[in-house]
Every structure is written in C-alpha cells, then in structure tokens.
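# Remarks on the overall topology
These are the residues of each chain, in order.
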Amino acid sequence: MSGLHGIPSSQWPDFLTSTDPGGWAADPLGEDFEHTTLDLGVDGEGPVLGTLVRYVPKQPPPGNPEERGILLSVHGWSDYFYNRELAEFWRAAGYRFYALDLRRYGRSLRSEHQRPGYVEHLAEYHQELDAAADLLTAEHPGLPLLVQGHSLGG
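As the structure is a prediction and not an experimental result, all values here were calculated from the model.

## Some words on the side chain of His-75
Looking at the element boundaries, His-75 is found in the loop between strand E4 (69-74) and helix H1 (84-92). Judged by its relative accessible area of 7%, His-75 is buried. In terms of polar contacts, His-75 uses its side chain to reach the backbone carbonyl oxygen of Asp-79, at 3.5 Å. Side-chain polar atoms of His-75 contact the backbone nitrogen of Leu-102, separated by 3.0 Å.

## Details of helix H2 (residues 126-139)
Over its 14 residues, H2 runs 20 Å from end to end, which matches the ideal 20 Å to within 8%, given 1.5 Å per residue. Here H2 has its buried residues at Glu-128, Ala-132 and Leu-136. Buried residues in H2, looked at end-on, bunch into an arc of 60°, giving them a common side. Set apart from the buried face of H2 by more than 90 degrees, the exposed residues are Asp-134 and Ala-138. Residues of H2 that are buried sit in contact with strand E2 (33-43), strand E3 (46-55), E4, strand E5 (95-101) and strand E6 (145-149).

## Re the sheet that holds E5
On the basis of which strands lie adjacent, the open sheet formed by six strands has the order E1-E2-E3-E5-E4-E6 and mixed pairing. The open sheet has two edge strands with one neighbour each: strand E1 (25-26) and E6. Direction of pairing for E3 relative to E5: antiparallel, over a ladder of four bridges. For Arg-54, the partnering residue across the bridge sits in E5 and is Tyr-98. Those strands touched by H1 are E2, E3, E4, E5 and E6, and its axis lies near 150° from that of E5. Taken strand by strand, H2 contacts E2, E3, E4, E5 and E6, and its axis lies near 135° from that of E2.

Cut-off values and rules
Residues numbered from 1 in each chain as written. Predicted model: local features only at pLDDT ≥ 70, side-chain atom pairs only at ≥ 80, totals over all residues. Heavy atoms only, no water. Helix = DSSP H or I, 4+ residues; strand = E, 2+ residues; numbered from the N terminus. Buried < 20%, exposed > 50% of the residue type's maximum accessible area, 1.4 Å probe, protein only. Polar contact = N/O pair within 3.5 Å; in protein donor to acceptor, adjacent residues only side chain to side chain. Expected span 1.5 Å × (residues − 1). Arc of directions from axis to C-beta. Contact = heavy atoms within 4.5 Å. Pairing = 2+ DSSP bridges. Axes fitted to C-alpha atoms, helices over the stretch in contact; angles between N-to-C directions.

Distances and angles like these do not, on their own, reveal function.
Here it is as structure tokens:
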C-alpha cells in the first residue's frame, strides 16, 4: 500500500518514535497526514501508547463542503490505519478525519517490549478512545464527534 505522496508500507520504519506531548509529526502515510502519540501509562509489558493520525490536506476538499463534524476511525483486528481514500472520502463529506492506531498495533507498537495486538480485555481500549475524544473535542469545540469502528470483535 502506498499513497500518492507516501512511501510503500513495506518501506516504513519498523517502529516509529514517540512525538513530544501535544506535538504532531509527519506520518509515513505521506503528505497531508500527521500523527501524535497518546501516552497511556505503563502496564506489565512497559510503556503503553496509542497513536492518533490526522488528515490535513493542503487543498480544501472539492466543493468546499460545510464542516459537519469530526470522524474518528478505529481499525479492526490485526490492522492499523493506512487508508488514504477513507480519509479523503470523509473530508469531502465535511468531516475532520482522524484515525486511531490502538495500543500494540501499527504506529503504536513498540518492538522492544510488546506482544502485537495483545490485550486482556477489550475495555482496555477505553483509555485511548477517551484520550482521543478529549483531544479532538478540545481541538474542534462545537463539532460533533462520530466514531467509526471496524471488526475488532465488539
């Protein structure tokens, strides 16, 4: 998978470094994408984090639609966010688009201490969902937040 300006996912770094708190960094998905690290504390395997990805196109969407809300996309089992077309679709429909790589998936996986995708209970994801929701509603006050999920078993 590669985006118009991105690099093929096979050439992404094995593990991303964390961003400074509140900071956004260029994302391997390419131009128009940035990510920030959500610090979720420590568990039995060490530091835990989530990664929030945002779509920030340099050009306004076609037709310059009215801003309708914020869309947060959550990936499915054994997955992570890589779908440029999904971001473009929601932005063209008037939504600010964000995606969340959950703990131990994609950009949030840290090789030195974590088992990929492992959680003891799906409720553990509430922490990063709450952190993402808090950040997004603070960044876009007054806009409704919609969450889209994909096949994580819940």
